[in-house]
Amino acid sequence: MIIGGSASQKLAAKVAKELDDYLCPVETRKFPDGERYIRFKGDIEKEVVVVQSTGYPQDENLMELFFILKNLKSLGAEEIKVVIPYFGYGRQELRFKSGEAISASITAELIEFTGATEVFSVNLHENKVADFFNIPVKELSAMPLIADHVGQVLDDPVLIAPDKGALSHAQEISNILDCPCDHMEKTRLSPDTVETRVKSLDVEGHQAVIIDDIISTGGTIVNASNILKEHGAQSVTVSCVHPVLVEDALLKIFATGVEDVLATDTLSSEVSAITVAPLIADALK
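Residues numbered from 1 in each chain as written. Predicted model: local features only at pLDDT ≥ 70, side-chain atom pairs only at ≥ 80, totals over all residues. Heavy atoms only, no water.

## Focus: a negative patch on the surface
Link 1 in the chain: A contiguous patch of negative charge on the surface is contributed by Asp20, Asp21, Asp43, Glu45 and Glu47.
Link 2 in the chain: Here aspartate 43 lies in the loop between strand E3 (36-40) and strand E4 (47-51).
Link 3 in the chain: Exposure remark for aspartate 43: the relative accessible area of 71% places this residue in the exposed category. (Patch = residues over 30% accessible without salt bridge, like charges linked within 9 Å, V, L, I, M, F, W, Y side chains within 5 Å. Areas by Shrake-Rupley, 256 points an atom, 1.4 Å probe, with all protein chains shown as cover. Salt bridge = Lys/Arg side-chain N within 4 Å of Asp/Glu carboxyl O. Lys, Arg positive; Asp, Glu negative; His and termini not counted. Charge placed at Lys NZ, Arg CZ, Asp CG, Glu CD. Helix = DSSP H or I, 4+ residues; strand = E, 2+ residues; numbered from the N terminus. Buried < 20%, exposed > 50% of the residue type's maximum accessible area, 1.4 Å probe, protein only.)

Below, the structure is given as structure tokens:
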């Protein structure tokens, strides 16, 4: 039995189709004062899968998820697997300054408290998030899906991580496609001048693909794209797992001459061309 929250209804339907499982209709709406209403239009089974990303608007999507989980528990569900394709509040896993809330930890505790018995997520931005749960957490990688898509649209790609933190993602795809990969690094040329460039790979004349897990404001991608163009890349394509895409991020990216932006549907966007439904379905099996 699959239940899709407001943020992931289409993805939930795809997962249900992959599994040949029942997709339970859910009525969700807002009262005039902004409070949420949830109602399941079907009998609740003992084992249920909930699919709900917790991206923007994070607070609304999280509150809806809490209502869904607690309601399922009170209606007799015993095993509640929660698929959170994009884990909102997952980037604050430490207290960087005195007095800060560790939002990833608090969010994990609330998901567990409201009834989740197992959690699945796709490419957590910080691996430590899984440690905040006392229930099983399975992190799934969308990189093979991205690799398959990149391999279909480009003949001879070179993969570039915009920083060292994203290098593991580029390497995972590189191993699948058997193509070169590298990352951007900053070199201080003088006390006042810092140059950002590809560490060692020559991109001139090649089809460059920038790989990252999240694109939010697009600033990092814009910088990387401009540098690749300056170094003679034949073309620049951008790919990510989670297209957060705040405000005019997509416009800024395409303004640099990027050919295409390829993202998964962990979040709904106009560039979410790669579905993670098969990945999630396989994990649930």
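## Thoughts on empty space enclosed by the protein
If a probe the size of a water molecule is rolled over the atoms, the empty space left behind becomes visible.
Link 1 in the chain: Under the defined criterion, the tally for this structure stands at one cavity of 30 Å³ or more.
Link 2 in the chain: As for the largest cavity, its lining consists of 13 residues, of which Tyr86, Phe87, Leu124, His125 and Ile214 are closest to the centre.
Link 3 in the chain: Along the lines of polarity and charge, the residues of the lining of the largest cavity split into seven nonpolar, five polar and one charged. (1 Å grid on protein atoms, 1.4 Å probe; cavity = no way out; pocket = protein on both sides within 12 Å on 5 of 7 lines; lining within 4 Å. Points joined across faces, edges and corners; volume = space filled by probe spheres on them. Nonpolar A, V, L, I, M, F, W, Y, C, P; charged D, E, K, R; others polar.)

## Some details on the sheet that holds E4
Link 1 in the chain: Spatial ordering of the open sheet is given by E1-E4-E5-E6-E7, a layout of five strands whose pairing is parallel. In this open sheet, the two strands that pair with only one neighbour each are strand E1 (2-4) and strand E7 (137-140). Direction aside, neighbouring strands of the sheet carry axes that sit 20° apart on average.
Link 2 in the chain: When E1 meets E4, the two strands line up parallel, connected through three bridges. By the bridge assignment, isoleucine 2 is partnered in E4 with valine 49.
Link 3 in the chain: Its contacts with the sheet place helix H2 (residues 58-74) against E1, E4 and strand E5 (79-84), and it is angled at close to 165° to E5. (Pairing = 2+ DSSP bridges. Axes fitted to C-alpha atoms, helices over the stretch in contact; angles between N-to-C directions. Contact = heavy atoms within 4.5 Å.)

## So, the packing of H2 against helix H3 (residues 103-113)
Link 1 in the chain: For the pair H2 and H3, interaxial distance at closest approach is 9 Å and the crossing angle is 25°. Judged on the interaxial angle alone, H3 and H2 are roughly parallel. Contact with H2, carried on its side by Leu62, Leu65, Phe66, Leu69, Lys70 and Lys73, involves Thr107, Leu110, Ile111 and Phe113 of H3 and no other residues of that element.
Link 2 in the chain: Split into classes, the residues belonging to the contact of H2 with H3 amount to seven nonpolar, one polar and two charged. (Parallel < 35°, antiparallel > 145°, perpendicular 65-115°, else oblique.)

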